[in-house]
Amino acid sequence: MNKKRTYIILFSIFILTILAGGISYPYYFNKKIDYINSFELPIKIPKFSGESFKLGLDLQGGIHLVYETDLSKIEKNEQESALQGLRDVIERRVNIFGVTEPMVQVEGSKDHYRLIVELAGIKDPKMAIKEIGKTPFLEFKEKRPEQETQVILDKQKELKGKTKEEVQQIENWQLAFEDPYFKSTSLTGRYLKKTELQFDQTTMKPYASIQFNKEGAKIFEDLTSNNIGKPLAIYIDNAPISIPIVQETISGGKAQITGEFTIEEARKLVQNLSAGALPIPIELISQEIIGPTLGSITLEKSLKAGLVGFLAIILFMIFFYRLSGLFASFSLIIYLILTLAIFKVIGVTLTLAGIGGFLLSIGMAIDANILIFSRMKEEFIEEKSFGVVVEEGFQRAWSSIRDGNMTTLIIALILFGFGTSFVKGFALTLSIGILMSMFSAIFITKSFLNIFKDTRLSKIKWLWV
């Protein structure tokens, strides 16, 4: 690599580092930009976004919600998929708020499951609870036979005016609390694929057009086939919104939710259904507001520990590898600035686990430099020129650097694919850090060393290794 190209590369890295620094720490840069813009220049310099890093629940506080799930109407062999669908729906609802790294998970066993939702940085917990809770439970109900209806109505009369203790002494008292006219079917919101707001071409009344997935379409076809000439009620959150009469078998999985809707009512219905009708009902049983105080203390201690470790690494590198270690330290500083900028640009949420992954990647970056300098030392023993030493040192160390980083990267990807929220945060920051550390060691450090090719300093071996 000739000197001119090396200087161009380093200048480009310098400009990129300044831009990354402005993204990572905009306050200082924006103050300077404001000062420059105070002069009457023909062009104003744009300022960097003042948005802060996204912090997780453990660092900035938020809300912890626990919901009880109702699996009474779900077959045993379908409960697992229903719970997964519930988790996916709530996660989509949560993401509408723009919260940072929401954690939505299901825990429990057998018939007793709870949904845990953690939202970091939520300023209005009541709004979050309201938005999550208004996701509708959509189900289709078919008309009960008259005999079943009469049994339930008789049971309701039998329980009328009795105390709670007296009610529980009556046989099959639970029947009184069922819908006497319609009974649930297997067709629920878990099979809903999409919903659109449309208008009747004749009356111009708004309605919600719904479409089921392949499995739901088959259930819907069988349901309409068995109820021709009978009402098929559409319920949302146990309240009927439409009770149309089935005229014929409906295939293809498309249907309409009609009623005396205003445009705004129909639009809200479509928005809720588009976000995903719950496959199973949920009830909020616990909420906890988590303050950011403990997180701030933990973050401060973590940053201090990281800074001390970083300075110790720099001193170690300079002491053992002299000028090579000094330029590796410069490269490491650039690595830190660029990586932090990437975290902010792509919206990485920093949790304590994520910070741990980032700090671990710093160690990987130093390890790569140490491998390179060790190979360079071997090349110097053979009395080779500085340019050859640098080139062969990097080439021969590359296979070790590649293998070591790639195996760690594979593990990080596995953790990201199968881990929980915080484990994913660790894996993501570690993966980005590893990729950037390879770029730092192989590209930036090498460019720094190439500046001294064919100079007097390059002939003084003890300065380099």
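Residues numbered from 1 in each chain as written. Predicted model: local features only at pLDDT ≥ 70, side-chain atom pairs only at ≥ 80, totals over all residues. Heavy atoms only, no water.

### Some points on the overall build of the protein
- When helices and strands are tallied, the protein shows 13 helices and 13 strands.
- Here the protein has a C-alpha radius of gyration of 32 Å; the compact-globule value for 465 residues is 23 Å, and the former is much larger.
- Dimensions of the protein, computed from C-alpha atoms along their principal axes, come out at roughly 105 × 55 × 45 Å.
- The 465 residues of the protein split such that 43% are buried.
- Split by element, the accessible area of the protein, about 25800 Å² in all, is 59% carbon and sulfur.
- Here the protein contributes 53 positively and 50 negatively charged side chains, and the mean placements of these two sets differ by 10 Å. (Helix = DSSP H or I, 4+ residues; strand = E, 2+ residues; numbered from the N terminus. Rg over C-alpha atoms; globule rule 2.2 N^0.38 Å. Buried < 20%, exposed > 50% of the residue type's maximum accessible area, 1.4 Å probe, protein only. Areas by Shrake-Rupley, 256 points an atom, 1.4 Å probe, with all protein chains shown as cover. Lys, Arg positive; Asp, Glu negative; His and termini not counted. Charge placed at Lys NZ, Arg CZ, Asp CG, Glu CD.)

### Brief notes about the nonpolar core
- Ile 372, Phe 373, Leu 449 and Trp 464 are the most contacted members of the largest nonpolar core, which totals 45 residues.
- Listing elements by their share of this core, those giving two or more residues are α1 (3–24), α10 (293–345), α11 (352–381), α12 (386–418) and α13 (421–450).
- The element best represented in this core is α10, accounting for 14 residues.
- Counting 21 residues, the second largest nonpolar core, distinct from the first, contains Ile 234, Val 246, Ile 257 and Leu 269. (Core = buried A, V, L, I, M, F, W, Y, C linked by side-chain atoms within 4.5 Å.)

### Quick word on a nonpolar patch on the surface
- A contiguous nonpolar patch, built from Phe 11, Phe 14, Ile 15, Ile 18 and Leu 19 and spanning about 480 Å² of accessible area, is present on the exposed surface.
- Locating Ile 18 in the fold gives a position in helix α1. (Patch = residues over 30% accessible without salt bridge, like charges linked within 9 Å, V, L, I, M, F, W, Y side chains within 5 Å. Salt bridge = Lys/Arg side-chain N within 4 Å of Asp/Glu carboxyl O.)

### Observations concerning unusual backbone geometry
- At Met 204, a residue that is not glycine, the phi angle is positive and equals roughly 60°.
- Turning to its location among the elements, Met 204 is positioned in the loop between β7 (192–199) and β8 (206–212).
- For Arg 322, which is not glycine, the phi dihedral falls at a positive 50°.
- As for its placement among the helices and strands, Arg 322 is situated in helix α10.
- On the basis of relative accessibility, which here comes to 29%, the residue Arg 322 falls in the partly exposed class.

### As for α1
- With 22 residues, α1 should reach 32 Å at 1.5 Å per residue; the first-to-last C-alpha distance of 31 Å fits that figure.
- Residues of α1 that are buried: Thr 6, Ile 9, Leu 10, Ile 13, Thr 17, Ala 20, Gly 21, Gly 22 and Ser 24. (Expected span 1.5 Å × (residues − 1).)

### Some points on the sheet that holds strand β11 (residues 254–257)
- Ordered in space as β7-β8-β11, the three strands form an open sheet in which the pairing is antiparallel. With one partner strand each, in any of the chains shown, β7 and β11 form the two edges of the open sheet. Strand-to-strand, the axes of this sheet are offset by a mean angle of 25°, without reference to chain direction.
- Taken strand by strand, helix α8 (residues 214–225) contacts β8 and β11, and its axis lies near 110° from that of β8. (Pairing = 2+ DSSP bridges. Axes fitted to C-alpha atoms, helices over the stretch in contact; angles between N-to-C directions. Contact = heavy atoms within 4.5 Å.)

### Focus on the sheet that holds strand β9 (residues 232–236)
- Ordered in space as β6-β5-β9-β10, the four strands form an open sheet in which the pairing is antiparallel. Of all strands in the sheet, those with a lone pairing partner are β6 (182–188) and β10 (239–242), marking the two edges. Direction aside, neighbouring strands of the sheet carry axes that sit 45° apart on average.
- Relative to β10, β9 is paired through three bridges, and the arrangement is antiparallel. Paired with Ile 234 across the strands is Ser 242, a residue of β10.
- Of the strands in this sheet, β5 (138–143), β6 and β9 touch α8, which is tilted by about 150° from β6.

### Structural notes on the side chain of Lys 155
- Mapped onto the secondary structure, Lys 155 falls in helix α6 (residues 146–159).
- One polar contact links the side chain of Lys 155 to the main-chain carbonyl oxygen of Glu 171, over a distance of 2.8 Å. (Polar contact = N/O pair within 3.5 Å; in protein donor to acceptor, adjacent residues only side chain to side chain.)

### What about the packing of α11 against α12?
- Where α11 contacts α12, the axes come no closer than 8 Å and their chain directions differ by 145°. The chirality of how α11 crosses α12 is right-handed.
- A class-by-class count of the residues in the contact of α11 with α12 yields twelve nonpolar, five polar and four charged. (Left-handed = near helix turned anticlockwise from the far one by under 90°. Nonpolar A, V, L, I, M, F, W, Y, C, P; charged D, E, K, R; others polar.)

### A short note on the pairing of β9
- The buried fraction of β9 amounts to five of the five residues, a majority that puts the element mostly inside the structure.
- The alternating pattern of β9 places Leu 232, Ile 234 and Ile 236 and Ala 233 and Tyr 235 on opposite faces, both of which are buried.

### A short note on the packing of aromatic side chains
- Under the defined criterion, the tally for this structure stands at 18 aromatic pairs.
- The rings of Phe 327, Phe 330, Phe 448 and Phe 452 are connected pair by pair, giving a single aromatic cluster.
- Here Lys 141 stacks its cationic end above the ring of Tyr 235, 4.2 Å away from the centre of that ring.
- Lying across the ring of Phe 53, Lys 344 places its NZ or CZ 4.6 Å from the centre. (Phe/Tyr/Trp six-rings, centres within 6.5 Å; stacked < 30°, edge-to-face > 60°. Lys NZ or Arg CZ within 6 Å of the ring centre and 35° of its normal.)

### Let's talk about the environment of Ser 186
- Tracing the sequence through the fold places Ser 186 in strand β6.
- Residue Ser 186 is classed as partly exposed on the basis of its relative accessible area, which comes to 48%.
- Once residues lying within four places of it in the same chain are set aside, the contact partners of Ser 186 are Tyr 191 and Ile 219.

### Considering the confidence of the model for the protein
- Considering every residue of the protein, the mean pLDDT works out to 81; 90% of them sit at 70 or more.
- Here helix α9 (residues 263–276) stands out as the element of the protein with the lowest mean pLDDT, 68, in contrast to α8, whose mean of 89 is the highest. (pLDDT = per-residue confidence, 0-100.)

### A few points about the side chain of Thr 149
- Within the element layout of this structure, Thr 149 appears in helix α6.
- In this structure Thr 149 comes out as buried when scored by relative accessible area, which is 11%.
- What Thr 149 contacts, discounting residues up to four positions off in sequence, is Arg 144, Pro 180 and Tyr 181.

### Observations concerning the pattern of salt bridges
- Applying the stated rule across the entire model yields 13 salt bridges.
- For Arg 396, the salt bridge goes to Glu 392, with nearest N and O atoms at 3.7 Å. Here Arg 396 pairs with Glu 392, and both are found in helix α12, just four residues apart, close to one helical turn.
- Assessed through its relative accessible area of 41%, Arg 396 is described here as partly exposed.
- If you follow the salt bridges from partner to partner, you end up with Arg 144, Glu 148 and Glu 178 in one network.

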